[in-house]
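# Tertiary structure, described
Below, each chain spelled out in residue letters.
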Amino acid sequence: MNFMNDALFSQLSTLGASVVLFFGIALLWRRSLHSYVAAFKWQSAVLALLFVIVGYFGNDHELYIVAIVLFGLKVLIIPRYLDRLQARIGIEREATPYVNVASSLIIAGLLVLFAYAVTRPVVSLSTLPTRGGLPLAIGLIFVGLFVIITRKKALTQVVGFLVLENGIALLAALGTYGIPLIVELGVFLDVLMGFLVMQVFVYHIQSTFDSIDVDRLNQLRH
Amino acid sequence: MTGYLLELAQVLLALTLAPGLVGLIRWLKARLQNRRGAPPWQPYFELRKLFGKEVVMSNNASWLFRFAPYIVFSSAVAVTFIIPLITATLPFDNVGDLIAVVYLLLLGTFFLALAGLDPGTAFGGMGASREMTVAAIAEPTIALSIFGLALGAGSTNLGRIVMHTLADPAAVINPGHLLGFAALFIVMLAETGRLPIDNPATHLELTMIHEAMILEYSGRYLALIEWAAAIKLFIFFSLLANLFLPWGVATSLTPAALGIALLALVVKLAVLALAVALLETRIAKLRLFRVPELLGLSFVLALLAVTSSFLLR
């Protein structure tokens, strides 16, 4: 019974991690800022569900609280702030990123392959049922970094940062069945504060340059 | 001997059911759009009409124009010999595997594109170039998406892949399995000319991909090409149904098992037809420059499927 439970836990956690990674890669495919926010919302919802699954199978009831806080913060509060900021700024599509869409999709695939190669020693040494999802979590961190590097609009970079943070939370959930509750709440508070500061910055960039294209920041040199 | 008879019966089944499948999708789309629609067996009448009509050819067309429909049709029929439709153990199993299926499909596409170029019309050239753009990214994705399953089964033989998934039902919620299904579904839409890549019902030449290549064809040539397109759709649906959800496929050659397999195949194809009809009604055609992006996404999904099957064994 325990063995079957383990197999089911392993399948579910790997499936959940794949869906979370899929939403992260979908971020590279869509162009409008509204769809980025939607992808982030769905990703965080699936991540909260994954925390519930890990808490149920790993017999750690603190993770239920973490899942609830994560849901409230990243599915309800932050997307609402992002949508409001986007409404104030005006609709701008990510039309010309530094790397075009088709190439960035292929590079994302290669990044996940790289993540698999990098985490091979960890996966082979670990005995946890969730070890199959570890490469996917590292892959999500890489994809989040990639979004920050190759996108021009400041709001996209903010969403990329939030996706990166999701990747770290996913790694914590799968690798160590979550981190102590106090630390997790501290991380959430940090993310919220960082996000609010970034919001203020994006608003000021918009009012100074009349666009959130970070290429325009070059004008500060002259 | 019964094996070879069964093989022939399977090919004849594919030939007879394929136009009905196309008719079913059209009828479902009509119903979803609140129209009455032609009955699902309308394509059979269309084929009969076309076979009776005279062939009108351009003066600039060469032997390629006359031969291409036969090559396209026979390559599609050849694939139906080696894919598992009703039974997983075929006598032609050792003749072709996954790689042969991909190459036979590409052979048909290649000759169709050449035939589009042959008469020297503008629309034929446009259709051929668009088709090659789509095929260049879609063909490796077909192979990769099924390769993920092949790695798990330890063989690229399609029958053995079906048997492996039947023996291990819990493998269906593997991420490799699901990602492979998603990738093959997107590629199926691209290769058979369905929305969002190509509108099969369009009459505007500027939006055509598949239709533009066959614009010059008439009479029995057009009938063969339309039938081959229907068989290709049937092949992709059967691959999706039998490789990823193989329950119902006969593993023994008893009449009861074969009957259940036939019924299961029809049900699975009908469900897939409904899914495609819903999708086509719901979404609009993608602009042409965004098609490589969608196919790039399906390629990445197939790559992730192979990676997760390979590195999580």
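Because the structure is a prediction, the values reported are computed rather than measured.

What chain A contains, in helices and strands, is eight helices and zero strands. Secondary structure elements in chain A, listed N-terminal to C-terminal, are α-α-α-α-α-α-α-α. Computed over its C-alpha atoms, the radius of gyration of chain A comes to 18 Å, within 12% of the 17 Å expected for a compact globule of 222 residues. Taken along the three principal axes of its C-alpha coordinates, chain A extends 65 × 35 × 25 Å. Counting across all 222 residues of chain A, residues that qualify as buried make up 41%. Residue pairs at least 24 apart in sequence account for 74% of intrachain contacts in chain A once pairs closer than 6 positions are excluded.

Secondary structure summary: chain B contains eleven helices and zero strands in total. Secondary structure elements of chain B occur, N-terminal to C-terminal, as α-α-α-α-α-α-α-α-α-α-α. Along the longest, intermediate and shortest principal axes, the C-alpha atoms of chain B span 55 × 45 × 45 Å. Here chain B holds 313 residues, and the buried ones make up 49% of them. Considering only residue pairs separated by 6 or more positions, chain B has 80% of its internal contacts joining residues 24 or more positions apart.

Across the boundary between the two partners, chain A contributes 17 residues, which contact 14 residues of chain B. Broken down by class, the residue content of the side of chain A that touches chain B amounts to twelve nonpolar, five polar and no charged.

All names here are of chain B. Of note, Val-291 is situated in helix α11 (residues 291-311). Taking the C-alpha atoms as reference points, Val-291 and Ile-137, 154 residues apart in sequence, are found 9.9 Å from one another. Every residue in contact with Val-291, bar those within four places of it in the chain, is listed here: Val-134, Ile-197 and Leu-286.

What follows deals with helix α4 (residues 98-117) of chain B. Spanning 20 residues, α4 of chain B covers 29 Å between terminal C-alpha atoms, matching the ideal 28 Å at 1.5 Å per step. Contacts from the buried residues of α4 of chain B go to α3 (63-82), α5 (122-153), α6 (158-167), α8 (210-213) and α9 (219-244) of chain B.

Note that soluble globular proteins tend to have their nonpolar side chains buried in a common cluster. Phe-51 of chain A together with Leu-21 and Leu-240 of chain B are the most contacted members of the largest nonpolar core, which has 155 residues in total. Among all residues touching Leu-240 of chain B, those that are not within four sequence positions of it are Phe-181, Leu-184, Phe-185, Met-188 and Leu-272 of chain B.

Residue and element names in this part refer to chain A. Look at helix α4 (residues 101-118) against helix α6 (residues 134-150): their axes get within 8 Å of each other, and the N-to-C directions meet at 140 degrees. With respect to α6, the axis of α4 lies oblique. In the crossing of α4 with α6, the sense of the turn from one axis to the other is right-handed. Contacts between α4 and α6 involve Ser-104, Ile-107, Ala-108, Leu-111, Val-112, Ala-115, Tyr-116 and Val-118 from the former and Pro-135, Ile-138, Gly-139, Phe-142, Val-143, Phe-146 and Thr-150 from the latter. Here the residues of the contact of α4 with α6 sort into twelve nonpolar, three polar and no charged.

As a further point, take the packing of α4 of chain B against α5 of chain B. Residues and elements named next belong to chain B. In contact at an axis separation of 9 Å, α4 and α5 are set at 175 degrees when each is read in the N-to-C sense. One finds that α4 runs roughly antiparallel with respect to α5. On α5, the residues that touch Leu-98, Ile-99, Val-102, Leu-106, Thr-109, Ala-113, Gly-116 and Leu-117 of α4 are Gly-124, Gly-125, Gly-127, Ala-128, Glu-131, Met-132, Ala-135, Glu-139, Ile-142, Ala-143, Ile-146 and Ala-150.

Phi is mostly negative for residues that are not glycine, and the peptide bonds are mostly trans. Along the chain, Leu-195 of chain B connects to Pro-196 of chain B via a cis peptide bond; the corresponding omega equals 5 degrees. Despite not being glycine, Tyr-177 of chain A shows a phi value in the positive range, around 55 degrees. Position of Tyr-177 of chain A among the secondary structure elements: in the loop between α7 (154-176) and α8 (181-209). Tyr-177 of chain A sits in the partly exposed class, given 18 other C-beta atoms within 10 Å. A positive phi is found at Asn-34 of chain B, a non-glycine position, where the angle reads about 65 degrees. By C-beta crowding, Asn-34 of chain B is classed as exposed, having 7 other C-beta atoms within 10 Å.

All right, on to the environment of Arg-31 of chain A then. Here Arg-31 of chain A is to be found in the loop between α1 (2-29) and α2 (33-57). For the pair formed by Arg-31 of chain A and Arg-93 of chain A, sequence separation is 62 residues and the distance between their alpha carbons is 5.9 Å.

For the rest of this paragraph, the subject is the confidence of the model for chain A. Per-residue confidence for chain A gives a mean pLDDT of 86, with 96% of residues at or over 70. Averaged pLDDT values over the elements of chain A bottom out at 84 in α8 of chain A and peak at 93 in α6 of chain A.

Turning to the confidence of the model for chain B, a few remarks are in order. Averaged over all residues, the pLDDT of chain B is 90; the fraction at 70 or higher stands at 99%. Listed scores for the predicted complex are pTM 0.85 and ipTM 0.70.

Okay, α11 of chain B next. Its 21 residues give α11 of chain B an end-to-end C-alpha distance of 30 Å, which sits within 8% of 30 Å, the value for a rise of 1.5 Å per residue. Counting buried residues in α11 of chain B gives 18 out of 21 residues, a clear majority hidden from the surface.

Calculation criteria
Residues numbered from 1 in each chain as written. Chains lettered and ligands numbered in written order. Predicted model: local features only at pLDDT ≥ 70, side-chain atom pairs only at ≥ 80, totals over all residues. Helix = DSSP H or I, 4+ residues; strand = E, 2+ residues; numbered from the N terminus. Rg over C-alpha atoms; globule rule 2.2 N^0.38 Å. Buried ≥ 20, exposed ≤ 12 C-beta atoms within 10 Å, placed from the backbone. Contact = placed C-beta atoms within 7 Å. Nonpolar A, V, L, I, M, F, W, Y, C, P; charged D, E, K, R; others polar. Expected span 1.5 Å × (residues − 1). Core = buried A, V, L, I, M, F, W, Y, C linked by C-beta atoms within 7 Å. Axes fitted to C-alpha atoms, helices over the stretch in contact; angles between N-to-C directions. Parallel < 35°, antiparallel > 145°, perpendicular 65-115°, else oblique. Left-handed = near helix turned anticlockwise from the far one by under 90°. pLDDT = per-residue confidence, 0-100.

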